[in-house]
Amino acid sequence: MFDLLKKKIAGWLSSEKTIDSSPDKPLVKEVFDKPVAKRVVSSSKKSSSKVSKTSKNSKSSTVDSAAVVDDFDSVDLDKPQSSSDNSAKSEPVMPHVEPKKGFFSKIKSVFSNLTITEEFFVDSFNDLELILLEGNVAVSVVDFIKERMSSKLVGREFKKDEVKGKVTSALRETIDELLIKPSFDVIDYIKKSPTTVTILFCGINGSGKTTTLAKFAKLLKNNNISCVFAAADTFRAASIEQLAIHGERLGVHVIKQTYGSDPAAVAYDAIQYAKAKKIKVVLVDTAGRMHTKQNLMDEMGKIVRVAKPDFKFFVGESITGNDATEQARIFNDSVNIDGIILTKSDIDEKGGTAISVSKVTGKPIVFLGNGQSYDDLVPFDKDKILAALGL
């Protein structure tokens, strides 16, 4: 699910991309009292001195003493120093200058300690920002990651061999904050409940609500918990038949009415049936509706008021990225969802939806659909997600 995003983040962490390091945009703040220029040039003096000593008895080459200067800025790094003897064959002695480097290698210079500046962080984060956006992470979430990482890194002093670890740790802690852990265990809640538990599944058309509901029924059966289906999708053609097929395969009774019936009434009938038959759980299937259609969202509100579900789960496709995040936000605003189930996570190469959707809604991801069989519904584990990202 996170393979592509993992590779891109790993590439960013080890990037050697050249970044402007001109004097007016310092990347790191030296903590020594001695300026950088004098320390570098002093090494050139030693080199020049050695050459002068070795060339005393030879007239083939000499080093112009004017090439050795105290002011580092006056050294022309692009122009070779000339020899006083035009016929000299020996190579001119140049001050040792480190080449421009990438994110980590650039700041791992000769310093023992360094401080990451705001300019360096902003410049370097641009690469990560593109990686996150390409990975379907919402813009608002990218801004959150940037703000959090900046607060953890900018102005902080680190040893040069600690830099990569500190940045990786800051990224891990930030994403850990985004992935909300469920404060409830659905199965445990159902087992402890003295009355029938109602769970409603909502989302847009084609997100996999009905199949996810059937997978959840299989999870209940695996835990010896009885359930009944409420076919409250009375709008989509063949929706009732589809749910009936799942019910037949799983041995679950389906409460249904005719197409065009009031979906809230279907949910109510299913709850009454479950209470009379001492069935533990009612799973309510609802019609897929576009989150932009206010009248359909109002209808969902009516189902919620009548059925009074214990849990309202939004079902979205992880591969739709920012669309799923926006859908979850609007459904949450409308019916105050309790959790999120992301389907098709097994074919989601980017993984940004899982990072974004919890932050945007403030609600946890409860399950992931990761296959086609009834058993392919797994509890969400944010530690596994962080491990999958290499963090």
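Structure's up top.
Residues numbered from 1 in each chain as written. Predicted model: local features only at pLDDT ≥ 70, side-chain atom pairs only at ≥ 80, totals over all residues. Heavy atoms only, no water.

Peer 1: Describe the sheet that holds strand 6 (residues 254–255), listing the residues and the values that go with them.
Peer 2: Strands sit in the order 6-5-7-4-8-9-10-11 across an open sheet of eight strands; the sheet is mixed. Both edges of this open sheet fall to strand 6 and strand 11 (377–379), since each of them pairs with a single strand only. In this sheet, strand 10 (residues 365–369) lies alongside strand 9 (residues 339–343) in parallel orientation, the contact comprising three bridges. Paired with Ile340 across the two strands is Ile365, which belongs to strand 10. On top of the sheet, helix 10 (residues 294–307) reaches strand 4 (197–202), strand 7 (281–286) and strand 8 (311–317); it is set at about 175 degrees to strand 4, its chief contact. Here helix 12 (residues 352–361) sits on the sheet and contacts strand 9 and strand 10; the angle it forms with strand 9, its principal contact strand, is near 160 degrees. (Pairing = 2+ DSSP bridges. Helix = DSSP H or I, 4+ residues; strand = E, 2+ residues; numbered from the N terminus. Contact = heavy atoms within 4.5 Å. Axes fitted to C-alpha atoms, helices over the stretch in contact; angles between N-to-C directions.)

Peer 1: Lay out the packing of aromatic side chains in plain terms, naming residues and giving numbers.
Peer 2: Going through the model one piece at a time under the given rule, you end up with eight aromatic pairs. Taken together through their ring pairs, the aromatic side chains of Phe184, Tyr189, Phe201, Phe216, Phe311, Phe313 and Phe367 make up a single cluster. (Phe/Tyr/Trp six-rings, centres within 6.5 Å; stacked < 30°, edge-to-face > 60°.)

Peer 1: Mind laying out the pairing of strand 5 (residues 227–232), listing which residues take part and the relevant values?
Peer 2: Counting buried positions along strand 5 gives six out of six residues, so the element sits mostly inside the fold. Because side chains alternate across strand 5, one face comprises the buried residues Cys227, Phe229 and Ala231, and the other comprises Val228, Ala230 and Ala232, equally buried. In the sheet, strand 5 pairs with strand 7 via six bridges, with the strands oriented parallel. Its bridge partner lying in strand 7, Ala232 is registered against Thr286. Between the parallel pair strand 5 and strand 6, the chain is carried across by helix 8 (residues 239–250), and the sense of this crossover is right-handed. (Buried < 20%, exposed > 50% of the residue type's maximum accessible area, 1.4 Å probe, protein only. Right-handed = clockwise from strand over helix to strand, strands pointing away.)

Peer 1: Help me get a handle on the packing of helix 10 against helix 11 (residues 322–335), residues and values and all.
Peer 2: As a packed pair, helix 10 and helix 11 sit with axes 9 Å apart at the nearest point and diverge in direction by 50 degrees. By the angle between their directions, the pair helix 10 and helix 11 is classed as oblique. Here the hand of the crossing between helix 10 and helix 11 comes out right-handed. Facing helix 10, whose interface residues are Met297, Met300, Gly301 and Val304, helix 11 presents Ile330, Phe331, Ser334 and Val335. The residue inventory of the contact of helix 10 with helix 11, partitioned by class, reads six nonpolar, two polar and no charged. (Parallel < 35°, antiparallel > 145°, perpendicular 65-115°, else oblique. Left-handed = near helix turned anticlockwise from the far one by under 90°. Nonpolar A, V, L, I, M, F, W, Y, C, P; charged D, E, K, R; others polar.)

Peer 1: Before we move on, could you go through unusual backbone geometry and cite the residues and values that matter?
Peer 2: One non-glycine residue, Asn336, adopts positive backbone phi at about 55 degrees. A positive phi angle, near 60 degrees, is found at Lys344, a position not held by glycine. Looking at where Lys344 falls in the secondary structure, it is placed in the loop between strand 9 and helix 12. Look at Lys344 and you get partly exposed, because its relative accessible area is 34%.

Peer 1: I'd like a description of the environment of Asp381, backed by residues and values.
Peer 2: Position of Asp381 relative to the elements: it lies in the loop between strand 11 and helix 13 (382–388). By relative accessible area, which is 32% here, Asp381 ends up partly exposed. Measuring from C-alpha to C-alpha, the distance between Asp381 and Ile180 comes to 9.8 Å, with 201 residues separating the pair along the chain. Here Asp383 takes part through its backbone nitrogen, which lies 3.0 Å from a polar atom of the side chain of Asp381. (Polar contact = N/O pair within 3.5 Å; in protein donor to acceptor, adjacent residues only side chain to side chain.)

Peer 1: Account for the pairing of strand 4, naming residues and giving values.
Peer 2: In terms of residue burial, strand 4 counts as a mostly covered element, since six of its six residues are buried. Burial along strand 4 is two-sided: the residues Val197, Ile199 and Phe201 and Thr198, Leu200 and Cys202 are all buried. For strand 4 and strand 7, the ladder comprises five bridges, and the chain directions are parallel. Bridging from a neighbouring strand, Phe201 pairs with Asp285 of strand 7. As judged from the four bridges shared by strand 4 and strand 8, these two strands associate in the parallel manner.

Peer 1: Give me the lowdown on the environment of Leu178, citing residues and values where you can.
Peer 2: Summarising the element assignment, Leu178 is placed in helix 5 (residues 163–178). By relative accessible area, Leu178 is classed as buried at 0%. For Leu178 and Val360, which are 182 residues apart along the polypeptide, the C-alpha to C-alpha distance reads 9.1 Å. Every residue in contact with Leu178, bar those within four places of it in the chain, is listed here: Val141, Phe144, Ile145, Ile355, Ser358 and Lys359.

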